[in-house]
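Reading the structure
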Amino acid sequence: METPNLNELAETATSSAPAVKIFGVGNAGAELLDALATSEFAAAAFAVVNTDTAALAAASAPVKIQLENKLLRGLGSGGDPDRCRALAEEQFSTLKSACAGADVVLLVAGLGGGAGSGISPVLARAAREAGALVLAFVSLPFECEGNRREQQAQTALDQLKGAADGVICLPNQKIFKLIDENTSVVDTFRFTGNFLVEGIRGVWQLIARPGLIQVHFADLCTLLRDGHTESAFAFVEASGPARSREVVEKILAHPLFEEGRVLMESDAVLVSLKSGRDLTMAEVNRVMEKINRQCGRAKIIMGASVDPEFKNRLCVTVIAAKGHGSAQSGTVRTETGTTATASASRRSVALEPAGRKRAVIKKPVQGQLPLNIIAKSRFDKSEPTLHRGEDLDVPTFIRRGLALN
Amino acid sequence: MFDDSKVIAGLEIGTSKICVVVGQQGPDGAPNIIGIGQFRSRGVRKGEIVNPEQVEEDLRSALFEAEQMADVEIRSVYLGVTGGHVRGFNNRGLHTVVSADREITEDDIQDVIKNAKAINLPADNSVIHAVRQHFFVDGQDGVTNPAGMLGQRLEVEMHVIHGQVNRLQNAIRLVRGTQIEVDEIVFNGVASSLAVLTGDQKEMGALVIDIGGGTTEFVVYSDGAIRHTGVLAVGGDHVSNDLAYGLKVPLSRAEKLKLEHGAASVDPAAKNRTITITNELGLALNSVNAEHLQRIMSLRLEEIFQLIAGELEQAGLVNYLRAGVFLCGGTSRVPGIVALAENVFQMNVVPGKASAIGGLTSALDQPEFATAIGLVKYGSLKQRQRVKRPPIVSADFFKGMFNRFTQRP
């Protein structure tokens, strides 16, 4: 019912890089965690939290926390988040001590069931109280899973947003259109799971490989925190001399970005590049320039890292978060490193085995604001002038995020 | 007074104005401009007709003015067309010469051109222009006139400009509704480039950008032939709209501010300067920041140039523009736009003048008349071609720039 080696966990924190703990919550979380357990994440500590003894035993994470009381008899919560929440509250101190020593806690869960929906918000709160930054990666159920699960998921999501520093959420339904009809159920879940894993990997690169152009985790959380309702992410890679252009094209062509429209409407965009030592500044610049232009008013955070193994490959993770109508004409903040210029100019961004992007989208609550309609007033009734995903009828200064005051 | 058969009229139904230019074929064959009529246009957005009734009314006014000034009756016009649906691309046609002596005849040339035009267009599109660039005879490049040469394999490079049939027909029907025949439709960008460029400049390679009210057309010439054409459905209207939105003033006021205080780059002197807007009685209503005004304009104009530069770069044409960039259209009057364009294209930029034609000099200097003047030029070249070009190809045929590259479907 609780783990023997919490202290061990706490000690893995090293002084230089932030200590990262990745928690998988519930059955879905445990599965995702297994998928994550590769050498790449060796520096992170894994832990799984569940109510189901059998599922917990099958999980490969070194630290297992079982929340249980006699009522459950190790059979799981039966999909009841309230019961799980009560359990988690009861064992709050256990959870908190499990988070001790971590600078960053990544929380992975599938919302909709009992454990994921019930425990995640409590765990997030525990981790914050233990002094860690908390970023949650969650998936929302397919529509066919029924409205009860959907409601539970939405409730849990709201609670999680309150408790965690940032939430990246992927509605499985959004993935639906990307899989072909003959995909088996098992493969479908693996596919959606992979999407989350890739997102985590992108964030992981940001934190774990303090590379040329650093992104602070807190920046990331600030971006994601402001009550966004949808996020989309893409993970793409290309190699060869034209890789920077190819990468941008792949991002814009990705179905989850809807030809770049999602980028245009998002409020915050995170871009993480990874490549080998042959990454040139010009390439970074080219990718960022295109994305910047595409993003309109979004706040942009970018990071780049170098991995010698990624020779000749460039991989880019883009996470775009969309607020629910916060029409801030945000300043574009691009942390292109002035410090990194000289040394960085010779490096390349490596790509991971990719060519995929994913989008995580939460239910959009509200449509376009009237403000946006005014921007193209003279043209709002005519056919939009679209050029590579940009609506040229919208004033240039708005798309480029210029603040007039 | 004049022989009406020699009167050539060009009609441009633009987004901000409808313009009719009347020319007369001179004794030497070169056209002279003898009349201009224009009227503000209300039923057009982004170069395409959205309110035919209003357009017809405005068109009649413009025609009337032109007829008055030129003292002729306009019976037919060369009609300029544009819009975001117009596209251009290059295509190659192939024909095998079958005659026993392997001499290439005029028929072979017509066949190869026909083959080059047989392309897969979207179902609702039709060809506006198919312009031949140059021929290949058995792989030999750069042949401009293969007639009489020996060869087996004749190929031709064509530039094909096409658009959506229905939208093109809308304009044609509207003009015919006023009892005026349409001789031909001409892509506005092609017309402007005819007015602005001389033969030498076409030979050297040039880019003509016509920034109008609702659209921006651009045409690239190299080696005397059209290499690339394009339309952006963005123009002066967008500038005004940006200003109206950014400065929070009505559109009509924005239009006025653009004309009176606009600039294509931010003038350091404009920093913190405010422009007071007064009503017709001279009372101050509110004020706007001059720096913001100029910044909004410069961003929009710069973007237009960047989009064009990007497209040319993709087509690999940037290094062929030895004569530079020529600007025309009403928006090219914005102060400082030449410097802005030079900055983006990194080459010589010239405000285009309709130098390739004679007549009313005051009209020739106006960049916004370039399209309509070019239409007259197109017409005069066509008519000369008709007179001078029976089936046998004469030497004159190749002297006229136009004949060399223009072919109508």
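Scroll up to find the structure this text is about.
Residues numbered from 1 in each chain as written. Chains lettered and ligands numbered in written order. Predicted model: local features only at pLDDT ≥ 70, side-chain atom pairs only at ≥ 80, totals over all residues.

For chain B, the count of helices and strands is 13 helices and 20 strands. For chain B, with 409 residues in total, the buried portion stands at 50%. Within chain B, residue pairs in contact and separated by at least 24 positions form 69% of the contacts whose partners lie at least 6 positions apart. (Helix = DSSP H or I, 4+ residues; strand = E, 2+ residues; numbered from the N terminus. Buried ≥ 20, exposed ≤ 12 C-beta atoms within 10 Å, placed from the backbone. Contact = placed C-beta atoms within 7 Å.)

We now examine the overall build of chain A. On a plain count of helices and strands, chain A comes out with 16 helices and 13 strands. Relative to its full complement of 405 residues, chain A shows a buried share of 54%. Relative to all contacts within chain A whose residues are 6 or more apart in sequence, the contacts with residues 24 or more apart total 82%.

Here we take up the pairing of strand 15 (residues 274-278) of chain B. As paired elements, strand 15 of chain B and strand 16 (residues 284-289) of chain B share 5 bridges and run antiparallel to each other. Looking at strand 16 of chain B, one finds that Thr276 of chain B is bridged to Ser287 of chain B. (Pairing = 2+ DSSP bridges.)

Among the nonpolar cores identified, the biggest contains 117 residues, and Val20, Val21, Val22 and Val208 of chain B are the most heavily contacted of them. The dominant element in this core, judged by the number of residues it contributes, is helix 8 (residues 290-315) of chain B, at 11 residues. Core analysis: the second largest hydrophobic core is formed by 111 residues, Phe46, Ala59, Leu135 and Leu273 of chain A among them. (Core = buried A, V, L, I, M, F, W, Y, C linked by C-beta atoms within 7 Å.)

To continue, consider the interface of chain B and chain A. Taken residue by residue, the interface counts 20 residues in chain B and 16 residues in chain A. Broken down by secondary-structure element, the contributors of at least two residues to the side of chain B that touches chain A are helix 6 (236-247) and helix 8 of chain B. At 7 residues, the largest contribution of residues to the side of chain B that touches chain A is made by helix 8 of chain B. Of the residues assigned to the side of chain B that touches chain A, the class counts are 8 nonpolar, 5 polar and 7 charged. (Nonpolar A, V, L, I, M, F, W, Y, C, P; charged D, E, K, R; others polar.)

Attention shifts here to the sheet that holds strand 17 (residues 324-328) of chain B. Residue and element names in this part refer to chain B. The strand order 14-13-12-17-18 describes an open sheet built from 5 strands, whose pairing is mixed. In this open sheet, the two edge strands, each paired with only one partner strand, are strand 14 (225-232) and strand 18 (349-351). Strand-to-strand, the axes of this sheet are offset by a mean angle of 20°, without reference to chain direction. Where strand 17 lies against strand 18, 3 bridges are found, and the strand directions are parallel. Paired with Phe326 across the two strands is Val350, which belongs to strand 18. (Axes fitted to C-alpha atoms, helices over the stretch in contact; angles between N-to-C directions.)

All names here are of chain A. Spatially, the 6 strands line up as an open sheet ordered 3-2-1-4-5-6, and their pairing is parallel. Lying at the two open borders of the sheet, with one neighbouring strand each, are strand 3 (63-66) and strand 6 (166-171). In this sheet, neighbouring strand axes are inclined to one another by 15° on average, regardless of whether the strands run parallel or antiparallel. When strand 4 (residues 104-110) meets strand 5 (residues 133-140), the two strands line up parallel, connected through 7 bridges. Each bridged residue has a counterpart across the sheet, and for Gly110 the counterpart in strand 5 is Ser139.

Here we come to the environment of Ile200 of chain A. Residues and elements named next belong to chain A. Along the chain, Ile200 falls in helix 9 (residues 185-208). Given 23 C-beta atoms within a 10 Å radius, Ile200 is considered buried. Spatially, the C-alpha atom of Ile200 lies 9.9 Å from that of Thr317, the residues being 117 residues apart in sequence. Not counting residues up to four positions away in its chain, the partners in contact with Ile200 are Leu36, Leu106, Val108 and Phe137.

Read these as layout, nothing more, since geometry by itself doesn't imply function.
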